[in-house]
Amino acid sequence: MHRCLLIPEILRIICVHASAHHRHRDLQAVALVCRSFYNASLDLLWRGIRGLLPLAKSLPSDMWDRPLNCSNNAVLTRAITPSDLERFRAHSRHIQSYHNYINAPVSIYQALSFHFHEGQPIFPNLEAMTWGYCKTEIFPYISMFLGPRIRKLDLCINGDSVQNSLLPTLGVKCPSLVYFRLYTLDYYPEVKPLLTQWSQLETLIIHYLPEESLQIAAGLPHLRNLTLSHADDDYGSTFSPTPGTKVFPSLQSLSITANSPTLCINLLKATSNCQLKEFEFSLFGIDPPIWDDLFATLAESCDKDTLTTIRIDDLELECDESWDPRTMDELRLLFPFTSLTHVILRTTHGFDIDDAFMSEIAVAWPRIRTLNIGATGITQLFKLQQLTLHGLAPLAELCPELRKLTVHVNVAHMCPNYFNLCSDSKSCIKYLNFGRSPISKTSVPWAAVYLSAIFPELRDVDCDHDSYRDEEEPDYPARWSEVHNYLVACHYLSGHRRNGPYCDCESDTI
């Protein structure tokens, strides 16, 4: 064997290529080449497993009364001896990520519990674990998997006494944790003791934090990502950090789901020149929120140059046709954030914007890559939409990095104008979604011609097929599909070259 193949880094590169696209058979073949390839391959072959069953199959087959699989309850026929665990231990030391996605028979956990326990975990080098909902009789064996090397823990519990008793001990069992996601169903456990022990925590994803726990989380020096997925009306209304302390000093991503923007506003106000990069707020409830206060607080509290992503969603609100659409003045409050690359604003009752305002957006957000100003809900609002396809031209001219656009336009009365469009469009947009936008039958070909001219890289035109009301808009989805088909034909016929007008208004031909 060539001496180059004795270099560990080269061996690893070979194994990485062999394991691309989860081609485990190729990696197994590499492992059979020689001892050097064998060790390097096992690091990748066993790096992560989904369930205990694959590793349990390395135990002697004569231990069970039937072949092991996830659908039966194989029973031990004899006790496990230390020699039975030789292959098991050799493979388990390679495992760095574990997900209990596939439940193994309870008998496997029972048998292994005699040899592995707290302080001697099954996977000594485990760094990341996802423990989803499992059978009640399996959950107590989670202690066999927890160890001091774990840095990422994704945990689902249902709140019974056995599962609830685990939480107070996590700080001791997993002292190095930097990522913690706790998913509970209609149950909000106390995590205050854990937060006091995990000062190094960087990511916290949890349904609910009592305000005392929220105060502690606000003081964590390394917390970068915070997600609260269930905040009710008054939650956060009295949040007030300790005077003189810096609130969320390292926070870069904030995501909150609530039925009121109160918590978002109070958290943002408590920060000073927050270096936030991503902000996400999802609203559920029955009342239309006032976005002005939320947007104004964002503008006052967050650094204008660091915020790159804003996502706000109130689509869970009950639809009321008496509501007015969002105004352009509300959206202008976000214009100071000139570094935005992803803006997703989805609301039940739409946006009242016109062609001139779309020009303002293009000027304010020149680095935008994903723009979604979408809505579902009130049909009449879309029929009154002021924005037309002509309003999209500034995006093609001023936003060269834009890739995906979702917006509602009115193409109900598009005339076959003489499209005097130049061929130097640099737009890279590839996907357009027009939601529930109205479009007339006669406008279909002209819409395709216009879009192919201003967006030369456009390949997909879509709409929200499932959200149309059949009794009111029976033909809109089919017409937008026709636009997509015409678009493909335009690209084919033009050969991606745009040297003059596409159509002649006098001959009315394409």
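Residues numbered from 1 in each chain as written. Predicted model: local features only at pLDDT ≥ 70, side-chain atom pairs only at ≥ 80, totals over all residues. Heavy atoms only, no water.

**Notes on the environment of Ile-14**
To keep things clear, this is the line we draw: Strands here are runs of E lasting at least two residues and helices are runs of H or I lasting at least four, both read from the DSSP assignment and numbered beginning at the N terminus. By the convention used here, residues are in contact when the closest approach between their heavy atoms is within 4.5 Å.
Checked against the element boundaries, Ile-14 lands in helix 1 (residues 8-18). Taking the C-alpha atoms as reference, Ile-14 lies 9.4 Å from Leu-27; in sequence the two are 13 residues apart. Setting aside residues no more than four positions away along its own chain, Ile-14 makes contact with Leu-5 and Phe-37.

**Quick look at the nonpolar core**
The condition that has to hold: Definition of nonpolar core: a set of buried residues of the types Ala, Val, Leu, Ile, Met, Phe, Trp, Tyr and Cys, connected through side-chain atoms within 4.5 Å. Think of it in three bands: residues with accessible area under 20% of the maximum for their type are buried, residues over 50% are exposed, and the middle band is partly exposed, with areas taken using a 1.4 Å probe on protein chains only.
Judged by nonpolar contacts, the single largest core of 145 residues is most densely connected at Leu-155, Phe-279 and Leu-451. When residues in this core are grouped by element, the largest group, 6 residues, is from helix 17 (residues 444-454). Not counting residues up to four positions away in its chain, the partners in contact with Leu-451 are Leu-389, Leu-392, Leu-432, Phe-434, Leu-458, Val-461, Val-483 and Leu-487.

**A look at the side chain of Thr-184**
With respect to the helices and strands, Thr-184 occurs in strand 5 (residues 179-184). On the basis of relative accessibility, which here comes to 3%, the residue Thr-184 falls in the buried class.

**Re empty space enclosed by the protein**
In plain terms, the rule: With a 1 Å grid laid over protein atoms only, a set of points is called a cavity when a 1.4 Å probe fits there but cannot get out and a pocket when it is open yet has protein on both sides within 12 Å along at least five of seven lines; lining residues have an atom within 4 Å of a point. Grid points are joined across faces, edges and corners, and a volume is the space filled by probe spheres set on the points. Under this grouping Gly is polar, as are all residues other than the nonpolar Ala, Val, Leu, Ile, Met, Phe, Trp, Tyr, Cys and Pro and the charged Asp, Glu, Lys and Arg.
Under the criterion given, the structure shown has 2 cavities of 30 Å³ or more. Approximately 30 Å³ is the volume found for the second largest cavity. Surrounding the second largest cavity, Phe-248, Leu-251, Leu-254, Leu-267, Leu-268, Thr-271 and Cys-274 form its lining. Grouping the constituent residues of the lining of the second largest cavity by class yields 6 nonpolar, 1 polar and no charged.

**Some words on helix 17**
In terms of burial, helix 17 is largely enclosed, as 11 of its 11 residues are buried. Of all the residues in helix 17, the buried ones are Val-444, Pro-445, Trp-446, Ala-447, Ala-448, Val-449, Tyr-450, Leu-451, Ser-452, Ala-453 and Ile-454.

**Notes on the environment of Trp-131**
Locating Trp-131 in the fold gives a position in strand 3 (residues 128-131). For Trp-131, a relative accessible area of 0% gives the class buried. The spacing of Trp-131 and Cys-156 is 25 residues in sequence and 6.2 Å in space, taken between C-alpha atoms. When neighbours within four sequence positions are excluded, Trp-131 is seen to be in contact with Tyr-98, Asn-100, Ile-138, Phe-139, Ile-142, Phe-145, Asp-154, Leu-155 and Cys-156.

**Observations concerning the confidence of the model for the protein chain**
Inclusion rule: For every residue, the predictor reports its confidence as pLDDT, a number between 0 and 100.
With 81% of its residues at a pLDDT of 70 or more, the protein chain shows a mean pLDDT of 80. Segment residues 496-510: pLDDT under 50, and 37 contacts once partners within four positions in sequence are set aside and those in other chains are kept.

**Some points on helix 12 (residues 291-301)**
When helix 12 is considered as a whole, its buried residues turn out to be Trp-291, Leu-294, Phe-295, Thr-297, Leu-298, Ala-299 and Ser-301. In this structure, the buried side of helix 12 is in contact with helix 11 (262-270), strand 9 (278-283), strand 10 (309-313), helix 13 (328-332) and strand 11 (342-347).

**A short note on the pattern of salt bridges**
As a reminder, the rule being used: Only one rule defines a salt bridge in this text: a Lys or Arg side-chain nitrogen within 4 Å of an Asp or Glu carboxyl oxygen.
Scanning all chains against the criterion turns up 8 salt bridges. In this structure, Arg-332 engages Asp-329 in a salt bridge whose closest nitrogen and oxygen atoms are separated by 2.8 Å. Taken together, the positions of Arg-332 and Asp-329, both in helix 13 and 3 residues apart, correspond to about one turn of that helix. Between Arg-332 and Glu-360 there is a salt bridge, and its shortest N-O distance comes to 2.9 Å.

**Describing the packing of helix 11 against helix 12**
Defined as follows: Throughout, an axis means a line fitted to C-alpha atoms (over the contacting stretch in the case of helices), and angles, computed between N-to-C directions, take values from 0 to 180 degrees. Between 65 and 115 degrees an angle is taken as roughly perpendicular, under 35 as roughly parallel, over 145 as roughly antiparallel, and anywhere else as oblique. Each helix crossing is assigned a hand: it is left-handed if the near helix lies turned anticlockwise from the far helix by less than a right angle, otherwise right-handed if that turn is clockwise.
Packing of helix 11 against helix 12 brings their axes to within 9 Å, and their N-to-C directions diverge by 15°. In terms of their interaxial angle, helix 11 and helix 12 are classed as roughly parallel. The two elements helix 11 and helix 12 meet at a crossing, and its hand is left-handed. The segment helix 11 lies against helix 12, with Cys-264, Ile-265, Leu-268 and Lys-269 engaging Asp-293, Leu-294, Thr-297, Leu-298 and Ser-301. When grouped by side-chain class, the residues that make up the contact of helix 11 with helix 12 number 5 nonpolar, 2 polar and 2 charged.

**Some thoughts on the packing of aromatic side chains**
To be explicit about the condition: Note on aromatic pairs: the rings of Phe, Tyr and Trp (six-membered ring only in Trp) are paired at centre separations within 6.5 Å, and the planes decide the class, stacked below 30 degrees, edge-to-face beyond 60, tilted for the rest. Geometrically, a lysine NZ or arginine CZ counts as sitting over a ring once it is within 6 Å of the ring centre and also within 35 degrees of the ring normal.
Counted according to the given criterion, the structure contains 13 aromatic pairs. Ring pairs connect the aromatic residues Tyr-98, Tyr-109, Phe-123, Trp-131, Phe-139, Tyr-141 and Phe-145, which therefore count as one cluster. Taking the ring centre of Tyr-179 as reference, the NZ or CZ of Lys-152 above it sits at 4.8 Å.

**So, the pairing of strand 10**
To keep it simple, the criterion reads: When DSSP finds at least two bridges between two strands, those strands are taken to pair.
Counting buried positions along strand 10 gives 4 out of 5 residues, so the element sits mostly inside the fold. By the bridge criterion, 5 bridges tie strand 9 to strand 10 in an arrangement that is parallel. Paired with Glu-278 across the bridge in strand 10 is Thr-309.

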